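# Examining the three-dimensional arrangement
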Amino acid sequence: MLAGMMLAGSTQAQQVPPEQPPTVDAAIEPADVMADESRPPAGTEGNVTTLEEVRALKPEDDQPLDLYRFKNPVQAESNRFSKSWSEPPTPEQISQGGGYLLMGISYGLMAAAKGLHKLTNGRDQIQSAIARPPPGLTEQQQQRADQYCESDDCAADGR
């Protein structure tokens with residue numbers, strides 16, 4: 001034990017004393033020190049490097065800025081499956097919509113409504129438009145239209 005204490009004492013004696021902090025000359029004013037720091041070092045006045053203009057890009061409007069988000073470099077084009085596919089909701093969207101229980105009830109009611117609609121063979125809520133054929137003129141109406149266009153200028157009237 002005595003030998004351990006002697007070794008510890010000898011290592012403390014071999015340590016270098018800490019350096020003294022630099023002394024500040026009282027004759028130098030703080031304004032002079034500030035002026036010296038703002039000047040470039042001697043001999044570098046002609047070799048000053050300036051940076052080019054930097055512009056910040058505006059983030060996309062539909063999504064909040066997330067710096068740690070993975071942005072996929074591949075953009076898939078829409079195809080026939082895009083219409084029926086929808087991304088699953090995020091936990092934030094689920095909590096804002098009432099939670100998992102309310103979401104499950106809503107999905108169940110929608111599935112029941114689809115089944116009932118299929119059983120009753122009802123018309124879809126959204127139906128495609130069907131164009132009707134142009135009106136057919138009788139022979140007599142066609143002759144009157146031709147005579148009218150011969151006597152008056154139909155193109156001038158916009159007809």
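The structure reproduced in this document is the subject of the present report. (Residues numbered from 1 in each chain as written. Predicted model: local features only at pLDDT ≥ 70, side-chain atom pairs only at ≥ 80, totals over all residues. Heavy atoms only, no water.)

## Quick notes on the environment of Met 103
Structurally, Met 103 can be placed in helix α4 (residues 100–120). With a relative accessible area of 23%, Met 103 lands in the partly exposed category. For Met 103, the contacting residues outside a window of four places in its chain are Pro 89 and Ile 94. (Helix = DSSP H or I, 4+ residues; strand = E, 2+ residues; numbered from the N terminus. Buried < 20%, exposed > 50% of the residue type's maximum accessible area, 1.4 Å probe, protein only. Contact = heavy atoms within 4.5 Å.)

## Describing unusual backbone geometry
One non-glycine residue, Asn 121, lies in positive phi territory at about 55°. Its location among the elements puts Asn 121 in the loop between α4 and α5 (139–151). Residue class for Asn 121 comes out exposed when judged on its relative accessible area of 68%.

Geometric descriptors of this kind do not, in isolation, establish any biological role.
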